[in-house]
Amino acid sequence: MTPGSMARRIPPCRLALAAIAALLYAGCYAAIKGGLVYAAPFRFAALRSLAGGLALIAFLILTRERLLPARRLWLPIALLAAIGPVIGFAAMFTSPLHTGAGLASVVGNTGPLLTIGLGAIFLGEQVTAGKTTALVFGMAGVTLLALPNAASIGSWHATALALPLVAALSGASESVIVKRVRPGADVLALAAWQFVLAAPVLFGLSAWLEPQESIRWTRTFVLVLAFLAGGATATAAGLWYWLVQREEVSRISLVLFLAPVAGLGLGAALFGERLAPIQAAGALLVLVGIATVAAERTRGASMGPRQQVKT
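What comes next concerns the included structure.

1. Some thoughts on the overall build of the protein
Moving on, step 1. Check the secondary structure of the protein and you find 13 helices and two strands.
Moving on, step 2. In the protein, buried positions account for 50% of the 311 residues.
Moving on, step 3. For the protein, the share of sequence-separated contacts (at least 6 apart) that also reach a separation of at least 24 residues comes to 92%.

2. A closer look at the packing of aromatic side chains
Moving on, step 1. Tallied over the full model, the rule gives seven aromatic pairs.
Moving on, step 2. Between the aromatic rings of W74 and W193, the centroid separation amounts to 5.9 Å while the plane-to-plane angle is 55°, which identifies the pairing as tilted. With W74 in helix 4 (residues 74-94) and W193 in helix 9 (residues 187-209), this pair connects stretches of sequence that are 119 residues apart.
Moving on, step 3. On the basis of relative accessibility, which here comes to 27%, the residue W74 falls in the partly exposed class.
Moving on, step 4. On the basis of relative accessible area, W193 is assigned to the buried category, the value being 18%.
Moving on, step 5. Where F89 meets F93, the ring centres are 6.0 Å apart and the plane angle is 50°; that geometry is what we call tilted. Placement of the pair is F89 and F93 together in helix 4, with a separation of four residues, close to one helical turn.
Moving on, step 6. Owing to a relative accessible area of 0%, F93 belongs among the buried residues under this scheme.
Moving on, step 7. Three or more aromatic residues joined by ring pairs form one cluster here, namely Y38, F44, F89, F93, F195, W217 and F221.

3. A closer look at the environment of V178
Moving on, step 1. For V178, the position within the fold is in helix 8 (residues 158-181).
Moving on, step 2. Between the alpha carbons of V178 and L80 there is a distance of 8.5 Å; along the sequence they are 98 residues apart.
Moving on, step 3. When near neighbours in sequence (up to four residues on either side) are disregarded, V178 contacts L80, P183, L190, Y241, V244 and Q245.

4. Concerning the packing of helix 2 (residues 28-35) against helix 10 (residues 219-246)
How two helices pack is summed up by the angle between their axes together with the distance between the axes.
Moving on, step 1. Between helix 2 and helix 10, whose axes approach to 9 Å, the crossing angle comes to 150°. One element, helix 2, and the other, helix 10, form an angle in the roughly antiparallel class. With respect to the hand of their crossing, helix 2 and helix 10 are arranged in left-handed fashion. Packed against helix 2, whose contacting residues are C28, A31, I32 and G35, the element helix 10 presents F221, V224, F227, L228 and A232 at the interface.
Moving on, step 2. For the contact of helix 2 with helix 10, the residue count by class is eight nonpolar, one polar and no charged.

5. Examining unusual backbone geometry
Moving on, step 1. One non-glycine residue with positive phi stands out, namely R64, at about 60°.
Moving on, step 2. By secondary structure assignment, the location of R64 is in the loop between helix 3 (41-62) and helix 4.
Moving on, step 3. With relative accessibility at 78%, the residue R64 sits in the exposed group.
Moving on, step 4. Backbone geometry places R182, a non-glycine residue, at a positive phi of 50°.
Moving on, step 5. Within the secondary structure, R182 sits in the loop between helix 8 and helix 9.

Definitions and cut-offs
Residues numbered from 1 in each chain as written. Predicted model: local features only at pLDDT ≥ 70, side-chain atom pairs only at ≥ 80, totals over all residues. Heavy atoms only, no water. Helix = DSSP H or I, 4+ residues; strand = E, 2+ residues; numbered from the N terminus. Buried < 20%, exposed > 50% of the residue type's maximum accessible area, 1.4 Å probe, protein only. Contact = heavy atoms within 4.5 Å. Phe/Tyr/Trp six-rings, centres within 6.5 Å; stacked < 30°, edge-to-face > 60°. Axes fitted to C-alpha atoms, helices over the stretch in contact; angles between N-to-C directions. Parallel < 35°, antiparallel > 145°, perpendicular 65-115°, else oblique. Left-handed = near helix turned anticlockwise from the far one by under 90°. Nonpolar A, V, L, I, M, F, W, Y, C, P; charged D, E, K, R; others polar.

Rendered as structure tokens:
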């Protein structure tokens, strides 16, 4: 048996990093909804993209890492910019204006399901029994988490369904592209420049679609933007791109089912919101699903020993 085919589990340290990324992503929709009081969607998205990219560039300068990625990565960076910050952020920042909480919770967390499909098609990753079990538990758990807001599911329309689905598909596609191109040591530079390149496009869309809108620069808005740019963009993207190079995308993405659970926990801790019994059951199902995929042993990654990224 070759080293690349040895049965292995996801190392606990990587599970912990994936959980941190999920926690950061968990606060996105709440922060966006709060920030839309002060800025229009496309302008808000552009600010997040620009500030997140500049934060990563500042980190690269401080750590004396290479600022410009290899030439072969610029086309993937342009593709990532279009799929992620432009399309994904546009859907994410406009969805609170059209989407009920229940529908958004279910559809917006279909990312792991989409990632399993894309990973099988474009990366040759296997759809194992453990992944399937974890996916069933995860989707069932997210549905139970959303049931207290089920009234909004009954009044959905096409836009309400499409926006969170586009955001979920955007995130899944980004993970697969990063895995496919294998940026290696240039992973943070790749993340940084995707956000920087996307910002002018988003600002242009804002000038076209929101010409009369202005930004209210309050302390609250600055704090929300700082969290979205520094935490949910720069830190989360850096962690996530580092992880998808080293693990099967379709396995590690299942940890993202933790995001809605973390969102409920944040609501309880910060705003005193009570967790309904059905939501507690949903959270338990999500945790069982994550434990299932964490315990599963697989035969290495799917792309072969030559293509693996060294730890």
